[in-house]
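# Fold and geometry: a report
Here's the letter readout for the chains.
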Protein chains: 2
Amino acid sequence: MPTRPTNERRQAWYAAVRAHGALTEVMEQQLEADAGMPLGWYDVLVNLYLAPGHALRMSELADAVLMSRSWLTRRIDQLERAGLVERCSAGDDGRGVRARLTREGKRAYLKLERVHSSTIDTHFLPYATTAEAEVIQRVMKRVAANARRELGRPE
Amino acid sequence: MPTRPTNERRQAWYAAVRAHGALTEVMEQQLEADAGMPLGWYDVLVNLYLAPGHALRMSELADAVLMSRSWLTRRIDQLERAGLVERCSAGDDGRGVRARLTREGKRAYLKLERVHSSTIDTHFLPYATTAEAEVIQRVMKRVAANARRELGRPE
DNA sequence: CCTAAGTAGTTGCTAGTGGAAACAACATCA
DNA sequence: TGATGTTGTTTCCACTAGCAACTACTTAGG
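These remarks concern the structure in this document. (Residues numbered from 1 in each chain as written. Chains lettered and ligands numbered in written order. Predicted model: local features only at pLDDT ≥ 70, side-chain atom pairs only at ≥ 80, totals over all residues.)

### Some details on the protein's contact with DNA strand C
Taken together, the neighbourhood of DNA strand C is formed by 20 residues, with A:M58, A:S59, A:S70, A:T73 and B:G94 sitting nearest. Looking at the surface near DNA strand C, the elements that each hand over two or more residues are α3 (58–64), α4 (69–81), β2 (85–90) and β3 (93–101) of chain A together with α4 (69–81) and β3 (93–101) of chain B. Residue composition of the surface near DNA strand C, by class: six nonpolar, eight polar and six charged. (Near = placed C-beta within 6 Å. Helix = DSSP H or I, 4+ residues; strand = E, 2+ residues; numbered from the N terminus. Nonpolar A, V, L, I, M, F, W, Y, C, P; charged D, E, K, R; others polar.)

Now the structure itself:
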């Protein structure tokens, strides 16, 4: 089977970029409308929810979301003001601070997750068969793994 | 053939998001290093290069890149300062302003395009066969079209 | 112990982004 | 000729995110 011209094969990536941009925008609107929360909160809340005790050290959390510490400090400030997260001491280490989901924080996460998933279900899944979804997942995982290696953070 | 559980099929989208993020970061580094230009310039330069006379009205260009007019004003300011674009009058309409690529602007675009393509060639294409690329393109186009319809700008 | 060096998290500063609204210059249409 | 609409710019504001300086604490070495 002949390989298509490179130019034409690149269109696959362009299409993925456009789909990502458009669907992300839909996602932002949906989250704002149905959950009253910005997409930017998602990563932090997911990581906290999945952590044991729904809590993580600041630095662990910063690493998990691939952001700087000062970034995390300020994001946790926001979430604390919103009542979704509270800071507590990290036991033995007097320097450490743990961010922990409050009861409301857990509820908020579940809501966010519900809206997030439902947006994917209605705007992505109907356009990909099971086989197609498998192809996308396989290829994209390889691409991401390679790119992260290139960036010096394999994982 | 049984449909995989929804949860598992969603992983395809998550993988695409992560791949997009990582490859975009690689792209930014590459463009900065090899062309000395930010990725944010790409869209504007492409649209200008492909336009007749390498020039477009400000409002047309703003529409083309899906950004506001004030955004475009500032981006053209940057590109003008860098010597890649110049503003000229829009002939019959005294209000209008056309942004036009300078000679350097054309050279810069070609350079940017070369680096951009080569990043895709080395970080995406090797991980997708022709058949896989076709699947990705087909699905992502449908997703993007639907999302844009949802956002109220079909196209 | 006690000091030196390192680590965790916060804060001040800075540069940049991008939208909304006000605005000036011009066009169009009655 | 006004009234209204358009085009592009500007001002103002809120937000983002990194760097570097700082505080508070821990740990290692003498």
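And the narrative resumes.
### Examining the pairing of β3(B)
Residues and elements named next belong to chain B. Note that strand β1 (residues 55–57) and β3 share three bridges and pair antiparallel. Across the sheet, the residue bridging to A55 is R100, located in β3. Pairing between strand β2 (residues 85–90) and β3: six bridges, direction antiparallel. Opposite E86, over in β3, you have R100 as the bridge partner. (Pairing = 2+ DSSP bridges.)

### So, the relation of the copies chain A and chain B
Of the transformation superimposing chain A on chain B, the axial component is 0.0 Å and the angular component is 180°, with the fit at an RMSD of 0.1 Å. The superposition of one copy onto the other is thereby described by a two-fold rotation axis. If distances are taken from each C-alpha of chain A to the rotation axis, the shortest is found for A:I136, at 3.1 Å. Taken as a fraction of all interface residues of chain A, those also at the interface in chain B reach 100%, which identifies the copy contact as same-surface. (Least-squares fit on C-alpha atoms with pLDDT ≥ 70 in both. Contact = placed C-beta atoms within 7 Å.)

### Considerations on the protein's contact with DNA strand D
Taken together, 20 residues lie near DNA strand D, and A:G94, B:M58, B:S59, B:S70 and B:T73 sit nearest. At the level of secondary structure, the elements contributing two or more residues to the surface near DNA strand D comprise α4 and β3 of chain A together with α3 (58–64), α4, β2 and β3 of chain B. Considering each element in turn, the surface near DNA strand D owes the most residues, four residues, to α4(B). Residue classes in the surface near DNA strand D are distributed as six nonpolar, eight polar and six charged.

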